[in-house]
Amino acid sequence: MNFYKKWFWPLVMPSLLLFTMVILYPFIMGLVNSFLAWRGTYYFDPDTGTRATSMFKSFVGFANYKEAFQDKRFISALVYTVKYTFIAVIFVNIAALALALMVTTITKRSGLYRTVFFLPNMLGGLALGFIWQFIFQIIFTDILFSPDALYLPFLRYMTQNSNKALFALAMLSTWQYAGYMMIIYVAGLNTISADYYEAASIDGATYWYSFRKITIPMLMPSFTIVFFMTLANSFKLLDQNVALTDGEFGTRLLAMQILRTVKDTSPPNYGKAQAQAVIFFILVAVITLTQVAITKKKELEM
Amino acid sequence: MKELTVVTSESMNEHYFLKKKIKKVLLHVALTLIALYTLAPLWLLLVNSFKNQSEIISSPLGLPSSFTFSYLTNAAKEINFFRALLVTASITASSVLLIVIVSSIAAWIMVRNKGTASTIVFMCFVAAMLIPFQAVMYPLIQFFDDVRLKSATGLVLMYGGFGLSMSVFLYHGFVKSVPLGVEEAATIDGCNIFQMYIHVVMPLLKSITVTVIVLNSMWIWNDYLLPFLVIGNSPTKTLVLELYFARITAGQFGNPWQLIFPAVLISIIPIIIVYLFLQKYIVKGISDGAIKS
Amino acid sequence: MKKSLIVLLVLLLAFSATLFAQGSAEADKGYDIYVYNSKGENAAQFAAMCAAYEAETGVRVKNFSIGSGQDHMETLRSEMNSRNKPSIFSIQGIKELAEWSQGGFALDLNTVTTGDFGKMATALPQGLRLTSDGKTSYGIPYNVEGYGFIVDRDMLAEIFNPIPVDAVLAEIKAASYEEWAALVKAIDAWIASPKAMEVKLNGNTHKLAARKGPLSSKLNGVFAVMGAEKWTYGDHFINVALNAVFANDIEANQADTAKIQSLKGAFLAYAEALDLKTSYLAGARGKATRGQDFVSSANFGYDQAVQIFADSKAVFFKQGNWAFGNIEGVNKAQSARLEFVPVKMPYQSQDVKRTDGMTVAKLNSSIPVFVPNYYAVNAMVPKAEQQKAFDFLYWMNNSATGKKYIVEEFAFIPYNADPNTTTVPNSLGNSIIDYIASGNTLTAPYQGAPASWSGDVVGLRVMESYLTKRNWTKADYEAIANYAIEQWIALK
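Since the model is a prediction, treat every value here as computed from it, not as a measurement. (Residues numbered from 1 in each chain as written. Chains lettered and ligands numbered in written order. Predicted model: local features only at pLDDT ≥ 70, side-chain atom pairs only at ≥ 80, totals over all residues. Heavy atoms only, no water.)

## Focus on the nonpolar core
Selection rule: As used here, the term nonpolar core means buried Ala, Val, Leu, Ile, Met, Phe, Trp, Tyr and Cys residues forming a set that is joined through side-chain atoms within 4.5 Å. We call a residue buried when its accessible area falls under 20% of the maximum for its residue type, exposed when it is over 50%, and partly exposed in between, using a 1.4 Å probe and counting protein chains only. Every residue pair with non-hydrogen atoms within 4.5 Å of one another is taken to be in contact.
Counting residues in each nonpolar core, the largest one holds 370 residues, and the members touching the most others are Trp180(C), Tyr270(C), Met345(C), Phe392(C) and Leu393(C). Discounting residues that sit within four places of it in the chain, Tyr270(C) has contacts with Tyr233(C), Phe237(C), Ile238(C), Ala241(C), Met345(C), Val462(C) and Ile480(C).

## Focus on the packing of helix H6 (residues 162–190) of chain A against helix H8 (residues 207–235) of chain A
Residues and elements named next belong to chain A. Rules: To obtain an axis, a line is fitted to C-alpha atoms, over the contacting stretch when the element is a helix, and the angle between two such axes runs from 0 to 180 degrees between their N-to-C directions. The helix and strand labels rest on DSSP assignments: H or I over at least four residues marks a helix, E over at least two residues marks a strand, and numbering proceeds from the N terminus. These descriptions rest on fixed angle ranges, namely under 35 degrees for roughly parallel, over 145 for roughly antiparallel, 65 to 115 for roughly perpendicular, and the rest for oblique. A crossing counts as left-handed when the near helix is turned anticlockwise from the far one by less than a right angle, and as right-handed when that turn is clockwise. For this classification, Asp, Glu, Lys and Arg are treated as charged, while Ala, Val, Leu, Ile, Met, Phe, Trp, Tyr, Cys and Pro are nonpolar and the rest, including Gly, are polar.
Interhelical geometry of H6 versus H8 gives an angle of 155° and a closest axis separation of 9 Å. Relative to H8, the element H6 is oriented roughly antiparallel. The element H6 and its partner H8 pack so that their crossing is right-handed. For the pair H6 and H8, contact is made by Tyr180, Met181, Ile184, Tyr185, Gly188 and Leu189 and by Thr215, Leu219, Ser222, Phe223, Ile225, Val226, Met229 and Thr230, respectively. Classifying every residue of the contact of H6 with H8 by side-chain character gives 10 nonpolar, four polar and no charged.

## Description of the pattern of salt bridges
Spelled out, the test is: When a carboxyl oxygen of Asp or Glu is within 4 Å of a side-chain nitrogen of Lys or Arg, the pair counts as a salt bridge.
Counted under the stated rule, the structure contains 25 salt bridges over all chains. Glu79(C) serves as the salt-bridge partner of Lys150(B), at 3.2 Å between the closest nitrogen and oxygen. Within this pair, whereas Lys150(B) is found in the loop between helix H6 (134–146) and helix H7 (152–175), its partner Glu79(C) is found in helix H3 (residues 72–80), the two belonging to separate chains. For Lys150(B), a relative accessible area of 18% translates into the label buried. Of the residues examined, Glu79(C) reaches a relative accessible area of 4% and is grouped as buried. Note that Asp188(C) and Lys287(C) form a salt bridge whose closest N and O atoms lie 3.0 Å from each other. Within this pair, whereas Asp188(C) is found in helix H8 (residues 177–192), its partner Lys287(C) is found in strand S10 (residues 287–288), the two being separated by 99 residues in sequence. With relative accessibility at 15%, the residue Asp188(C) sits in the buried group. The exposed category is assigned to Lys287(C), whose relative accessible area is 54%.

## Concerning the interface of chain A and chain B
Interfaces are often sized by the accessible area lost when the parts come together. Test applied: Summed over both partners, buried area is the accessible surface (1.4 Å probe) that two parts give up on being assembled. For this analysis, a polar contact is any N or O atom pair within 3.5 Å, provided that within protein one partner can donate a hydrogen and the other can accept it, and provided that sequence-adjacent residues contribute only side-chain to side-chain pairs.
Listed by partner, the interface residues are 80 residues for chain A and 91 residues for chain B. In this assembly, chain A packs against chain B so that about 7900 Å² is buried in total across both faces, 82% of it on carbon and sulfur atoms. At the junction of chain A with chain B, the criterion picks out zero salt bridges. Connecting chain A to chain B are four residue pairs in polar contact (both at pLDDT 80 or more). Among the secondary structure elements, those contributing two or more residues to the side of chain A that touches chain B are helix H1 (2–33), helix H3 (72–105), helix H4 (110–118), helix H5 (125–144), H6, H8, helix H10 (254–264) and helix H11 (270–301) of chain A. Counting residues per element, the side of chain A that touches chain B draws most heavily on H1(A), which supplies 22 residues.

## As for the sheet that holds strand S2 (residues 61–65) of chain C
Residues and elements named next belong to chain C. How we decide: For two strands to be treated as a pair, DSSP must find no fewer than two bridges joining them.
Taken in spatial order, the five strands of this open sheet run S2-S1-S3-S14-S4, and their pairing is mixed. Strand pairing shows two members of the sheet lacking a second neighbour, S2 and strand S4 (140–141), which therefore form its edges. As paired elements, strand S3 (residues 88–91) and strand S14 (residues 374–377) share four bridges and run antiparallel to each other. Each bridged residue has a counterpart across the sheet, and for serine 90 the counterpart in S14 is tyrosine 375.

## As for the side chain of Lys85(C)
Spelled out, the test is: This count recognises Lys and Arg as positive and Asp and Glu as negative, with His and chain-terminal groups excluded.
Of note, Lys85(C) is situated in the loop between H3 and S3. Asp145(B) is the oppositely charged side chain nearest to the buried, salt-bridge-free Lys85(C), at an N-O distance of 7.1 Å. A polar atom in the side chain of Lys85(C) sits 3.1 Å from the backbone oxygen of Met80(C).

## A word on the side chain of Ser262(C)
Along the chain, Ser262(C) turns up in the loop between helix H11 (257–261) and helix H12 (264–277). Here Ser262(C) is in contact with Val245(C) and Lys353(C), once residues within four sequence places are set aside.

## A short note on the domain arrangement of chain C
Residue and element names in this part refer to chain C. This is how it is decided: Those domain boundaries reflect an automatic or database domain assignment.
If you check the domain split of chain C, you get domain 1 (31–141 + 372–414) and domain 2 (146–370 + 445–491). Taking only C-alpha atoms, the centre of domain 1 and the centre of domain 2 are 33 Å apart. Taken together, the contact pairs nine residues of domain 1 with 11 residues of domain 2. Carbon and sulfur atoms make up 57% of the surface buried where domain 1 meets domain 2, a total of about 820 Å² over both sides.

Structural data, given as structure tokens:
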């Protein structure tokens, strides 16, 4: 063990160096800036009403945070993001699990299906957002679900309505990520020994019974991962939001709100944007850590 | 008596197999429909890359009236396809190489050297996965510019830093399951640390390394915001950036679909090619990563 | 072991050293001046002009053009934070000016009094200067732009056949709002079934043609409107109304609550005029109405509206002279016959709060003419570089080559053009020059309103809640006007 001990710091050093340069130092600087009247290219001195001669003269305490919480747009973006995360996590999980179950039940061509379902994940968010914008605005609204064809008003004008857009975004996300999560569930399903199912069917169990009693408990580790990832990703969604609706009609998610805060103010209030980002981070951390703790506990119980 | 039982159980079996067959057929139907739905946007991309603007809007689902390649070639020119491809490929490759090397040795030594230092460092890396990009975006760019690294090189370093957390996490979980035995034997044989790592440890990490390479390549290749802020105004851009700028300059108002569709199509062709060739490894990599975590 | 450890540490040190040492020598930046241009549409032509400048003078000009979409400020700030700051950069009005003047980046041109550039800066007309208080001057204008209802002369000629079209245009320009509204309704009826009906314009009675001509047979409606582009009715349309209370953007920027509330009458007029315009819409395939389709960028985005007008399916198209290139691209013949007609609104005389002699009649016969973008010089670059920037800007606006680029390649109206003698190679530009020459111009006070107020707040609300509604009532006018006022006060 001494062998390893000697080499610990040298081998960890490169990663720590990168980590510090790219994440730690900027994060701390950002944290500091959230307490200052930072304007992106200079610091503002609230006492003199002009450019601050030094960073410290622009200290504003918690003013940025207060402004952030009082900002109606920030709060509504927050609420909207929570709503979206809720829907997306459900959609993606159900789709991924269903696909995984189907794919593992059949024997022929399962590889082909897996290939197809995973393909969307390889493609980039921004470009696909444009394509799906086209799909929702023209294909759904004018062609497939118009009054002349299969009239389904809910599926029309989805990008122009705050509530419908939640589902539009969720559909996009599901299309893009279900395949990836499916792979994780498939891996999890494959670790369940067939013996369990055989034993259960000999005892006369139905499909749903063995699903509830065998599949679900043994999938908990996979479920933890998938849930964690979809939760965090949904909360942080940006590219697709920009490309699909650009936040119009009340469809601004939190990540976009932070980005656009500086556009909404003149001179641009980067201090406030940074405060929002810090709040964002705390929220993401709290939610995901809670979720991991809960599911880990459930794992142990099962 | 015996005969009766045999006959009954045979017909029961037939019934059972028939039900199973129907179930399988239904499943196949369902899966095929879902597969078609999954591929539909790509079909859209394909057919609309041969149409002009008004045809795209009037009949987006149909086959093009004529197979003119002019839109594709125009799009390729507008987004400087080959140069952007080169730029994106080299940035992605360098970043992934950096990530693999740095995170694998860090994770390995953290697992082998049990102790509080290891745990704390590991927790730091994992916690960083929760930091949204916005929280570090502006200070990061400014800092890198101060050290004169607001360039493609700096971009690679940034990707290295951002990819660390997840990769260390993946390697860490995997290394835990690699037995010490082989390494202990190597120590006895008098290996030094580098030999041990290169010849003993790395080969064992092959499958998780594939995962790390695949996952990181995917998000780096498709990333938009970071390249935009770091090298956005330089003449050499990544594919995604070219796409973004081509759209802005061509259609300041409205959507130039006749440019967007072919441009998106050719920008995903490299990905699809790589995917089709390597999908076995990619899928295996992700499932392995999932199990080990 | 020890040897390997030392080797490793040395490697690490060397690595870190290269990171921090990279480029520490005061290397040549590769350029003499760096221009950051936020009008992306002329990117290629701008680059060509910079190359021409280098060929003439040997001064290397690095230029970067980006569309005025979402992120041009982000990249600009990123550049301002870097070592190689732009020597010349774009500022689009006093809202963008705020951070550059507060941060000390924008150079006050009033401090430059010597040399050719100093003369040029001093000669800038007061109304064209970039300033938030009237005492400073932070940029050289890119050009002058204007907007109104674009109309095809030949189309009007057919509708009013056989009255000479110049006479018709003069009457329309001078007409009151009531006459204008009646004209709109008459044309709408005429499109449905053409007959020689009477309309009153400027107090005189005129007759519409007895039957349609080749162009007017294609008409689907009176107005081509881009319902999906909230900046058209959120920025430009409402800007016309702001001229009833504010003489310029500085006054708007400094307005107090009482002044803002006095906009009520003007905003009511705005809502009614918007109602009129969007009740007589031309679609691609026939008449169009307000509704969900109207605000979808798939149906009524910029390109679609341009197409509708260029296909002669609409009579009037509210846009600016910047749209000339788009129209020309679709219908070159028509683009040579375009003119502006003022945007009229039903003001009452008490809605006009200005004290400089503005009247309802003048408001309804003028078009807004303003400077959309300025070239600012960076106060934070070395003095030598600033001087080179001055020379470049002087060359661009005064040399033969520079002026040729501005007028012909960029299709701009030069800010320093003499309206009585200048013509430009595009019909809309010349129409604007006519309005300047006759003094019938308004300004752009909306540029002094709070940062996101116009397009992103008022425009957004109009788009989401009103343009989707089939019928508007007086209560809707009130709601729109009150919303606009509340939001201005809240965002100040």
